[in-house]
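Results of the structural survey
Spelled out, the chains give:
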Amino acid sequence: MAVVGAGAIVDVAHLPAYAAHGLPVRGIFDLDGDRAREVAARHGVPHVYDSLDDLLTDDGVEVVDIAVVPHAQPPIARAALAAGKHLLCQKPLAPDLAEARELAALAEAGGRRLAVNQQLRWDEGIAAARAMVRAGWIGTPTAMSFNVDVKTDWSGWSWLVRSERLEIMYHSIHYLDAVRSILGDPVRVFCAASRTPGQAETGESRTMSTLLFEDGARALLHVNHENRTGDFRAEFRIDGDKGAIRGTLGLLYDYPHGRPDTLEVSSSTAPTDGWTAYPVTERWIPGAFAGPMAGLLRWIAEDEPSPTAARANLGTLELVQALYKSIDSGEAQSL
């Protein structure tokens, strides 16, 4: 594989995760050649490409991991697909839903595999919780929630500070994809969003989203990035008719280093003696970043579609779009 982009997330997440799982990276390209050489040297990546064309014409590269700003991703993805490469793209696949659909169709038409790096569903705490749900430990799931109240410094990403769409498109998209991986797709959604006085960011920094499911289940996302008192929270919970699961996303308490996640389950079917802890051993960064690439490689090798295949991931983008329509209209939206 080769990587397009040598930003901070590649440095602290992508490359460490691949190295930890023995996945060799052949080369890297970035518009900032000095930055690419620095990151390559730090992670033992053997080659730095002089241009995107050099990377795409390298016959030794089968898979390209694109990690660039959102507006730059679609044209790079089109060029890589035209060159016959399989792709891992960042979330969102494209800022515009129609363009994301186009990229998914291009990959399918060319017989290439295109997956999206929605890595939260591979975070150990979320993945273990999903496994518990599927094993029936809490019976039929009835509700899921994320309660995130933190202070996020967006200044390291100037394009994010200027973005008119912020919290849902680039942050809660993680939680929405995790909810879909456990409860499926909602049928109706509502969202309210706001900014806070004095914030530098153009887009929304506080959101409250409600998701309704056909089977009666509900999901609630309450997310605030402007906590100014330091009493941070980053919690999730899944309730069922025979128990519940609760946990924390440690990364968000002390980003980007973070702290370990926590996870507990209380079940009348397992059964547990009250709340029982699950021993989480990895962190969202870098641990979860191996999952999307592993899913893509398995898809290529064994024809088992990735859980975040582009076509499947369109459901997450459709959900994002519906929530923004709800914000703009002040009304609930059907999917």
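Residues numbered from 1 in each chain as written. Predicted model: local features only at pLDDT ≥ 70, side-chain atom pairs only at ≥ 80, totals over all residues. Heavy atoms only, no water.

A few points about the pattern of salt bridges
For the coordinates displayed, the defined rule picks out 19 salt bridges. Where Arg 121 meets Asp 177, a salt bridge forms, and the shortest distance between an N and an O atom there is 2.8 Å. A residue pair is termed long-range when its members are at least 10 positions apart, and Arg 121 in the loop between β6 (114–116) and α6 (124–134) and Asp 177 in helix α8 (residues 167–183) qualify at 56 residues. Neither residue differs from the other here; Arg 121 and Asp 177 are each classed as buried. Glu 226 is the partner of Lys 151 in a salt bridge, and the nearest nitrogen-oxygen pair spans 3.1 Å. Of this pair, Lys 151 sits in the loop between β7 (141–149) and α7 (158–162) while Glu 226 is found in the loop between β10 (218–224) and β11 (233–240), placing the two residues 75 residues apart along the sequence. Connected through shared salt-bridge partners, Asp 11, Arg 35, Glu 38 and Arg 42 make up one network. (Salt bridge = Lys/Arg side-chain N within 4 Å of Asp/Glu carboxyl O. Helix = DSSP H or I, 4+ residues; strand = E, 2+ residues; numbered from the N terminus. Buried < 20%, exposed > 50% of the residue type's maximum accessible area, 1.4 Å probe, protein only.)

Things to note about the pairing of strand β13 (residues 262–267)
Side-chain alternation along β13 places Leu 263, Val 265 and Ser 267 on a buried face and Thr 262, Glu 264 and Ser 266 on a face that remains uncovered. In terms of strand pairing, strand β12 (residues 243–248) meets β13 through six bridges, oriented antiparallel. If you follow Thr 248 over to β13, its bridge partner there is Thr 262. Sheet topology places β13 next to strand β14 (residues 276–277); two bridges connect them, and they run antiparallel. Within β14, the residue paired with Glu 264 across the bridge is Ala 277. (Pairing = 2+ DSSP bridges.)

Let's talk about the sheet that holds strand β1 (residues 2–4)
In a beta sheet, neighbouring strands are held together by backbone hydrogen bonds and run either parallel or antiparallel to one another. Here we have six strands laid out as an open sheet, ordered β3-β2-β1-β4-β5-β6, and parallel in their pairing. A strand with exactly one partner marks an edge of an open sheet, and here the two such strands are β3 (47–48) and β6. One ladder, built from three bridges, connects strand β5 (residues 86–89) with β6; its direction is parallel. Within β6, the residue paired with Leu 88 across the bridge is Ala 115.

Considerations on the nonpolar core
Membership of the largest hydrophobic core comes to 103 residues, with the highest contact counts inside it found for Phe 146 and Leu 249. No other element matches α8, which puts 10 residues into this core. Residues contacting Leu 249, with those up to four places away along its chain left out, are Leu 120, Asp 123, Ile 126, Phe 146, Tyr 175, Ala 234, Phe 236, Asp 261 and Trp 284. (Core = buried A, V, L, I, M, F, W, Y, C linked by side-chain atoms within 4.5 Å. Contact = heavy atoms within 4.5 Å.)

Overview of the environment of Ala 270
Mapped onto the elements of the fold, Ala 270 is located in the loop between β13 and β14. Counting along the chain gives 81 residues from Ala 270 to Val 189, while the straight-line C-alpha distance between them is 33 Å.

Some words on the packing of aromatic side chains
Per the counting criterion, the structure on display carries three aromatic pairs. Seen from their ring centres, Phe 146 and Tyr 175 are 4.7 Å apart, and the 20° between their planes marks the pair as stacked. Residue Phe 146 is located in strand β7, and its partner Tyr 175 is located in helix α8; the two are separated by 29 residues in the primary sequence. By the burial criterion, Phe 146 is buried, and Tyr 175 matches it. What links up through ring pairs into an aromatic cluster is the set Phe 146, Tyr 175 and Phe 236. In this arrangement the basic side chain of Arg 246 is found over the ring face of Trp 275, its NZ or CZ atom lying 3.8 Å from the centre. (Phe/Tyr/Trp six-rings, centres within 6.5 Å; stacked < 30°, edge-to-face > 60°. Lys NZ or Arg CZ within 6 Å of the ring centre and 35° of its normal.)

What to know about the layout of surface pockets
Taken as a whole, the largest pocket holds about 1,300 Å³ of empty space. In terms of lining residues, the largest pocket is bounded by 46 residues, among which Ile 9, Trp 157, Trp 159, Leu 160 and Tyr 255 are the most central. Considering every element that reaches the lining of the largest pocket, the biggest residue donor is helix α1 (residues 8–20), with four residues. Considering only residue class, the lining of the largest pocket consists of 30 nonpolar, 12 polar and four charged. (1 Å grid on protein atoms, 1.4 Å probe; cavity = no way out; pocket = protein on both sides within 12 Å on 5 of 7 lines; lining within 4 Å. Points joined across faces, edges and corners; volume = space filled by probe spheres on them. Nonpolar A, V, L, I, M, F, W, Y, C, P; charged D, E, K, R; others polar.)

Structural notes on the side chain of Gln 119
With respect to the helices, strands and loops of the structure, Gln 119 is situated in the loop between β6 and α6. Using a relative accessible area of 5% as the deciding quantity, one classes Gln 119 as buried. Of the polar contacts made by the side chain of Gln 119, one reaches the side chain of Trp 284; its length is 3.0 Å. Setting aside chain neighbours within four positions, we find Gln 119 in contact with His 174, Trp 284, Ala 288, Phe 289 and Pro 292. (Polar contact = N/O pair within 3.5 Å; in protein donor to acceptor, adjacent residues only side chain to side chain.)

Let's talk about the pairing of strand β8 (residues 188–194)
Bridge analysis of β8 against strand β9 (residues 206–212) gives seven bridges, and the strand direction is antiparallel. Bridging from a neighbouring strand, Phe 190 pairs with Thr 210 of β9. Where β8 lies against strand β15 (residues 333–334), two bridges are found, and the strand directions are antiparallel. Bridge assignment links Val 189 to a residue of β15, and that residue is Gln 333.

Quick word on the packing of helix α4 (residues 73–82) against helix α5 (residues 97–109)
The description of two helices packed together rests on the angle between their axes and the distance between the axes. Close contact between α4 and α5 brings their axes to 10 Å; oriented N to C, the two are set at 10°. With respect to α5, the element α4 is oriented roughly parallel. Residues Pro 74, Ala 77, Arg 78 and Leu 81 of α4 touch α5, and the partners they reach there are Glu 99, Glu 102, Leu 103, Leu 106 and Ala 107. (Axes fitted to C-alpha atoms, helices over the stretch in contact; angles between N-to-C directions. Parallel < 35°, antiparallel > 145°, perpendicular 65-115°, else oblique.)

A few points about helix α2 (residues 33–43)
Considered for burial, the residues of α2 that qualify are Ala 36, Val 39 and Ala 40. Across the axial projection of α2, the buried residues extend over an arc of 100°, all falling on one side. The outward face of α2, more than 90 degrees from its buried face, is lined by the exposed residues Asp 34 and Ala 41. On the buried face of α2, the contacting elements are α1, β2 (27–29) and β3. For α2, the capping residue at the N-terminal end is Asp 32, with a side-chain oxygen 3.2 Å from the backbone nitrogen of Asp 34. (Arc of directions from axis to C-beta.)

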